[in-house]
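For reference, the chains in residue letters:
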Amino acid sequence: MIKAPTPNGDEQVHALLTRYECPVPFHEVRTRFLGNIATPNMSISPMKVVRDLWGGQLPEFESIEAANELVGALIGGLWNRLTAHQSRSSPFHLTRSHVAATREGLTSLALIRRQEIDGFIEGLFGDEKMVDFPDRANRALNELSQIRAMFAGVVEITADESKPATIDDIKATHRHLREMTRNAEHEIHAIVIACRIARKKMLAGSPTHKPTLH
């Protein structure tokens, strides 16, 4: 039986992921879980999603209680909290990272955003190469892919010390990253809501939409 964690929220999850040397950073775990929650793929198993964070097998535990603590924090805690973002009135927000307006800060922030988008898309598809998405989600996925490419471009440019950048350039890019973050959140919310509606229609026996290849 999976017990709900004590009310330490995301801090507890972050600490447990660090303790068990999870190769997936916390900010990406959040978005991967959200994608798993939102996906029209009805065969998703939360326990498999958790195991996949460690490459398909859970880490070693000192006791059953330790195992329950980790799984409870991830599924009974984080996963359940993220389900609230299927409501139109509760949009998901990417991790708030207060970084300095420096080259290093821009690289760090853009990398986090790229990883968050990668996690969300991986969560949507899981092990599948093809998933049925409603038209609105298809459009949002295309927009999100473009935003992801822009974040990746910022990582590449800012990490290259050979490319000159003035203080004004860095400040302008910092503002642009904040705008891109808002746009990414908008598209993620659109996908989550569109997929929730699609799942309800699927359960009601409505026709599915054409598959999307990625």
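In what follows, the structure referred to is the one given above.
Quantities reported herein were computed from a predicted structural model and do not represent experimental measurements. Numbering of residues begins from 1 in every chain and follows the order in which that chain's sequence is written. Whole-chain, interface and lining totals are the exception, using all residues; otherwise, since this is a predicted model, local features are given only for residues with pLDDT of at least 70 and side-chain atom pairs are given and counted only at 80 or more. For the side-chain quantities, the full set of heavy atoms in the structure was used; hydrogens and water were omitted.

S.K.: What is the right way to look at the overall build of the protein in this model?
M.R.: Helix and strand definitions follow DSSP, with helices as H or I runs of at least four residues and strands as E runs of at least two, each counted in order from the N terminus. Secondary structure assignment for the protein yields seven helices and two strands. Counted from the first residue to the last, the protein has its helices and strands arranged as α-α-α-α-α-β-α-α-β. Relative to a compact globule of 214 residues, whose C-alpha radius of gyration would be 17 Å, the protein shows 18 Å and is just as compact. Entry remark: accessible area of the protein is about 11500 Å², with carbon and sulfur atoms responsible for 54%. In the protein, which carries 26 positive and 26 negative side-chain charges, the distance between the mean positions of the two groups comes to 8 Å. Only C-alpha atoms enter the radius of gyration; for comparison, a globular chain is expected to reach 2.2 Å times N to the power 0.38, where N is the number of residues. Exposure was quantified through the Shrake-Rupley algorithm and a 1.4 Å probe, taking into account, for residues, occlusion by the shown protein chains and nothing else. Only four residue types enter the tally: Lys and Arg on the positive side, Asp and Glu on the negative side, with His and both chain ends excluded. The location of each charge is read from NZ of Lys, CZ of Arg, CG of Asp or CD of Glu.

S.K.: Got a minute to help me understand unusual backbone geometry in this structure?
M.R.: Negative phi characterises most residues that are not glycine, and trans characterises most peptide bonds. Despite not being glycine, Glu21 has its phi angle at roughly 50°, a positive value. Relative to the elements of secondary structure, Glu21 occurs in the loop between helix 1 (9–19) and helix 2 (26–38).

S.K.: Quick question: what am I supposed to make of the side chain of His189 here?
M.R.: Checked against the element boundaries, His189 lands in helix 7 (residues 167–203). Not counting residues within four places of it along the chain, the set of residues in contact with His189 comprises His85, Ser87, Arg88, Ser90, Pro91 and Phe92. Between two residues, a contact is recorded if the distance between any of their heavy atoms is within 4.5 Å.

S.K.: Would you take a moment to explain the environment of Ser145 for this structure?
M.R.: Here Ser145 is to be found in helix 6 (residues 135–158). Classification of Ser145 by relative accessible area gives partly exposed; the value is 30%. Separated by 27 residues in sequence, Ser145 and Asp118 have C-alpha atoms that sit 9.1 Å apart. Accessibility here uses a 1.4 Å probe with only protein chains present; expressed as a share of the type maximum, an area under 20% marks a residue as buried, one over 50% as exposed, and anything in between as partly exposed.

S.K.: Where do I start with the pattern of salt bridges in this structure?
M.R.: Close approach of charged atoms allows side chains of opposite charge to pair. By convention in these notes, a salt bridge is any Lys or Arg side-chain nitrogen within 4 Å of a carboxyl oxygen on Asp or Glu. Here the structure, examined in full by the defined rule, presents twelve salt bridges. Ionic pairing is found between Glu185 and Arg96, a salt bridge with its closest N-O pair at 3.1 Å. Taken together, the residues Glu185 in helix 7 and Arg96 in the loop between helix 4 (64–82) and helix 5 (103–125) connect sequence positions 89 residues apart. We classify Glu185 as buried; its relative accessible area is 8%. Relative accessible area serves as the criterion here: at 48%, Arg96 is assigned to the partly exposed category.

S.K.: Just checking my understanding: could you explain helix 5 for this structure?
M.R.: Helical geometry: 3.6 residues make up each α-helical turn, so side chains three or four residues apart lie on a common side. Counted at 1.5 Å a residue, the expected span for helix 5 with its 23 residues is 33 Å, and the 33 Å between its end C-alpha atoms agrees. Immediately downstream of helix 5, the backbone of Gly126 shows phi near 60°, a positive value. Here a helix's expected span is defined as the number of its residues, less one, multiplied by 1.5 Å.

S.K.: Is there a simple way to think about the layout of surface pockets in this case?
M.R.: In this approach the atoms are scanned with a rolling probe the size of a water molecule, which exposes any empty space left behind. Each pocket or cavity is described by its volume, and for the largest pocket that value is around 240 Å³. For the lining of the largest pocket, the elements supplying multiple residues, two or more each, are helix 2, helix 3 (46–52) and helix 5. With three residues, the single largest contributor to the lining of the largest pocket is helix 3. Of the residues that constitute the lining of the largest pocket, the class distribution is two nonpolar, six polar and six charged. Put plainly, a pocket is an open set of points on a 1 Å grid over the protein atoms alone with protein on both sides within 12 Å along at least five of seven lines, a cavity is a set where a 1.4 Å probe fits but cannot get out, and a lining residue has an atom within 4 Å of a point. Grid points are joined across faces, edges and corners, and a volume is the space filled by probe spheres set on the points. Gly is put with the polar residues, along with every residue not named as nonpolar or charged; the nonpolar set is Ala, Val, Leu, Ile, Met, Phe, Trp, Tyr, Cys and Pro, and the charged set is Asp, Glu, Lys and Arg.

S.K.: Could you clarify how one ought to interpret the packing of aromatic side chains in this entry?
M.R.: By convention here, two paired aromatic rings are described through the distance between centres and the angle between planes. For Phe, Tyr and Trp, rings pair up if their centres lie within 6.5 Å, where Trp contributes its six-membered ring, and each pair is then called stacked (planes under 30 degrees apart), edge-to-face (over 60) or tilted (otherwise). All told, the structure shown has three aromatic pairs when counted by the stated rule. Measuring from ring centre to ring centre gives 5.1 Å for Tyr20 and Phe61, while their planes differ by 65°; the resulting arrangement is edge-to-face. Separated by 41 residues along the polypeptide, Tyr20 in the loop between helix 1 and helix 2 and Phe61 in the loop between helix 3 and helix 4 bring together distant segments of the chain. For Tyr20, a relative accessible area of 13% gives the class buried. For Phe61, a relative accessible area of 24% translates into the label partly exposed. With centroids separated by 5.3 Å and ring planes inclined at 65°, the aromatic side chains of Phe125 and Phe133 adopt a geometry described as edge-to-face. Comparing Phe125 with Phe133, the two get one shared label, buried.

S.K.: Just to check I follow, could you spell out the packing of helix 1 against helix 2 for this structure?
M.R.: For any two helices packed against each other, the geometry is given by the interaxial angle and the distance between the axes. Between the N-to-C directions of two axes lies an angle of 0 to 180 degrees, each axis being a line fitted to C-alpha atoms and, for a helix, fitted only over the stretch in contact. Axis separation between helix 1 and helix 2 bottoms out at 10 Å; the angle between their running directions is 115°. Looking at the two axes, helix 1 sits roughly perpendicular to helix 2. Note that helix 1 runs across helix 2; the crossing there is right-handed. Facing helix 1, whose interface residues are Asp10, Val13, His14 and Leu17, helix 2 presents Phe26, Val29 and Arg30. The residue makeup of the contact of helix 1 with helix 2, split by class, is four nonpolar, one polar and two charged. Between 65 and 115 degrees an angle is taken as roughly perpendicular, under 35 as roughly parallel, over 145 as roughly antiparallel, and anywhere else as oblique. A clockwise turn of the near helix away from the far one marks a right-handed crossing, whereas an anticlockwise turn of less than a right angle marks a left-handed crossing.

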